[in-house]
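Summary of structural features
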Amino acid sequence: MNTPSGRRTRILAATTATAGLVLVAACTSTGNGGSGSKTAAGGVKVVKAGQLTTCTHLPYPPFQSEIDGKVQGFDVSLIDLVAKDLGVKQAIVDTPFENFKTGAFLNSGQCDLAAAGMTITAERKKHVDFSDPYFNATQAVLVDNKSGITSLADVKAKGKKLGAQAQTTGEDYAKKQGFDPVSFESSDAVLNGLRTGQVQAVVIDYPVVQGWLKDKANANAFKVADNLSTGEQYGFTVKKGNSKLLAAINKAIADAKADGTYKKLYEKWIGPYDASAASPSAS
C-alpha cells in the first residue's frame, strides 16, 4: 500500500468498556507483571513495561476505529481481554497496513502483536505467527442502490469501475477475477470512492460492510450486490517464535467463547450473532 508522505505513526489509547478493567488490573498487578517490568503475567515479554502494545491500521470498523477520540472495536475488545489476563493495559499504534504482511513492526520491537482484521494466509505465515482464527469472513460487493449492478460478474459485464482497499485479500481476489481495481488506502477511502462516484462498486470484507450499513444514510444509498465466500479467517499475529504471547491470545479467545463474552462483543460491534462466523476451526 502506498501511504501519503509525511504520515506519522500514532499511538492511541484503547479505551473500550473492558479497557477500564484492564487499567485497574495494570495498577494492581504484582510480581512479574508489576510496574516497571517488561515481563507480564505468565512470563510473557512485552516491549513496553505495563502495557500490551498493539499495531493496527485505522480505520477498519467494526474491528478498530477511532470513535470520539478513542480507539474502539471488536479486535480492540478481544485484545483488551488478553491484556487483562496479563495484568497490563493495551496501547494501540496506528501503522501502514503493508507492515502486517512482513511483521516489520513486530520484528523491530515496536509492537507486541498486530490486530487489524487480518486474514490468515500461507504467505503471511512465512513472516509472522498467527493466533487461532477468531472470525470467519466473507467478501461483499457493495454498490449504489441506483447502479443496477447485481453481482461481481455484472460489474465486469457492464464495464463499471471496481474499488478495493490496497494490500488486502479483497483486492487480491478482485485481481484474480480479472479486474484491475482502483486501490484505496483505507476502508473509509473505499466507501468515499463509492460515494463520490470514483468507482461504481467495491469489494471488501463483509463485516466492514455490515458496519457501514448500520448507518441509515449508507443503508439508503448502498446495497450488497454479491457475497463472495472466499474461505477467509481472521487471526492476530505475533513475532515468529513468541509462543508465550501466542498462547495467551489463544487462551483469551477460547475463554471468551466459552463464557459468552465473545458473543456479547460480537453483538455489540458486528451485529446479530452468527455462530458460523464466530466459531472458525483452526486453519
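Up top is the structure these notes are about.
Bear in mind that the values here come from a model prediction, so they are computed numbers and not experimental data.

Considering the nonpolar core
- Of all hydrophobic cores here, the largest spans 47 residues; its most connected members are Leu-52, Phe-74, Leu-86 and Phe-135.
- Elements with a contribution of two residues or more to this core: helix H2 (74-86), strand S8 (135-144), helix H8 (187-195), strand S11 (201-205), helix H9 (206-213), strand S12 (222-234), helix H11 (243-259) and helix H12 (261-269).
- If near-sequence neighbours (up to four positions away) are discounted, Leu-86 is found in contact with Ala-40, Ala-41, Val-44, Leu-52, Leu-245 and Ala-248.

So, the pairing of strand S2 (residues 51-56)
- For S2, the buried fraction is high: six of the six residues fall into the buried class.
- Pairing geometry for S2 and strand S5 (residues 89-94), over six bridges, is parallel. Pairing of Thr-53 across the sheet is with Ala-91, part of S5.
- Of the strand pairs in this sheet, S2 and strand S6 (residues 113-114) are connected by two bridges, and their pairing is parallel. Bridge pairing in S6 links Cys-55 to Ala-114.

Thoughts on the environment of Lys-160
- With respect to the secondary-structure elements, Lys-160 resides in the loop between helix H6 (152-157) and strand S9 (162-165).
- A relative accessible area of 34% places Lys-160 in the partly exposed class.
- For Lys-160 and Ile-149, which are eleven residues apart along the polypeptide, the C-alpha to C-alpha distance reads 8.9 Å.

Things to note about the state of the cysteines
- Scanning the model with the defined rule gives one disulfide in all.
- Residue Cys-55 pairs covalently with Cys-111 via a disulfide, S to S 2.0 Å. A torsion of 70° about the S-S bond marks the disulfide between Cys-55 and Cys-111 as right-handed. Taken as a pair, Cys-55 in strand S2 and Cys-111 in the loop between helix H4 (104-107) and S6 lie far apart in primary sequence, 56 residues in all. When sorted by exposure, Cys-55 lands in the same class as Cys-111, which is buried.

Observations regarding the sheet that holds S8
- Spatial strand order, S10-S9-S11-S8-S12: five strands in an open sheet with mixed pairing. With one partner strand each, in any of the chains shown, strand S10 (182-184) and S12 form the two edges of the open sheet. For this sheet, the mean angle separating the axes of adjacent strands, direction not counted, is 25°.
- Direction of pairing for S9 relative to S10: parallel, over a ladder of three bridges. Bridge assignment links Gly-163 to a residue of S10, and that residue is Val-182.
- Contacting S8, S9, S10, S11 and S12, H8 runs over the sheet at an angle of about 160° to S11.

Concerning the packing of H2 against H12
- Two elements in contact, H2 and H12, have axes whose closest approach is 9 Å; the angle formed by their N-to-C orientations is 155°. Classified by the angle between their axes, H2 and H12 sit roughly antiparallel to one another. For the pair H2 and H12, the crossing hand works out as right-handed. Facing H2, whose interface residues are Phe-74, Ser-77, Leu-78 and Leu-81, H12 presents Thr-261, Tyr-262, Leu-265, Tyr-266 and Trp-269.

With respect to the pattern of salt bridges
- What the rule picks out here adds up to five salt bridges.
- As a salt-bridge pair, Glu-123 and Lys-126 come within 3.0 Å of each other at their nearest N and O atoms.
- We classify Glu-123 as partly exposed; its relative accessible area is 47%.
- Among the ionic pairs, Lys-240 bridges to Asp-129, the shortest N-O distance being 3.0 Å.

Quick notes on the environment of Gln-139
- Mapping Gln-139 onto the fold places it in strand S8.
- Of the residues examined, Gln-139 reaches a relative accessible area of 0% and is grouped as buried.
- It is 5.0 Å that separates the C-alpha atoms of Gln-139 and Tyr-206, two residues lying 67 residues apart in sequence.
- Ignoring anything within four residues of it in the chain, the contact list for Gln-139 reads Thr-169, Gly-170, Val-203, Ile-204, Asp-205, Tyr-206, Asp-226, Asn-227, Leu-228, Thr-230 and Glu-232.

Examining empty space enclosed by the protein
- This structure, assessed with the given rule, holds three cavities of 30 Å³ or more.
- Lining the largest cavity, in full, are Tyr-60, Phe-97, Ala-116, Gly-117, Met-118, Thr-119, Arg-124, Thr-168, Thr-169, Asp-205, Glu-232 and Tyr-234.
- When its residues are assigned to classes, the lining of the largest cavity shows five nonpolar, four polar and three charged.
- Of all the secondary structure elements, the ones that give two or more residues to the lining of the second largest cavity are helix H3 (98-102) and H4.
- Top element by residues in the lining of the second largest cavity is H4. It accounts for three residues.
- When the residues that make up the lining of the second largest cavity are grouped by side-chain class, the tally is six nonpolar, three polar and no charged.

What counts, and at which threshold
Residues numbered from 1 in each chain as written. Predicted model: local features only at pLDDT ≥ 70, side-chain atom pairs only at ≥ 80, totals over all residues. Heavy atoms only, no water. Core = buried A, V, L, I, M, F, W, Y, C linked by side-chain atoms within 4.5 Å. Buried < 20%, exposed > 50% of the residue type's maximum accessible area, 1.4 Å probe, protein only. Helix = DSSP H or I, 4+ residues; strand = E, 2+ residues; numbered from the N terminus. Contact = heavy atoms within 4.5 Å. Pairing = 2+ DSSP bridges. Disulfide = S-S within 2.5 Å. Axes fitted to C-alpha atoms, helices over the stretch in contact; angles between N-to-C directions. Parallel < 35°, antiparallel > 145°, perpendicular 65-115°, else oblique. Left-handed = near helix turned anticlockwise from the far one by under 90°. Salt bridge = Lys/Arg side-chain N within 4 Å of Asp/Glu carboxyl O. 1 Å grid on protein atoms, 1.4 Å probe; cavity = no way out; pocket = protein on both sides within 12 Å on 5 of 7 lines; lining within 4 Å. Points joined across faces, edges and corners; volume = space filled by probe spheres on them. Nonpolar A, V, L, I, M, F, W, Y, C, P; charged D, E, K, R; others polar.

Nothing here speaks to function; it is all geometry.
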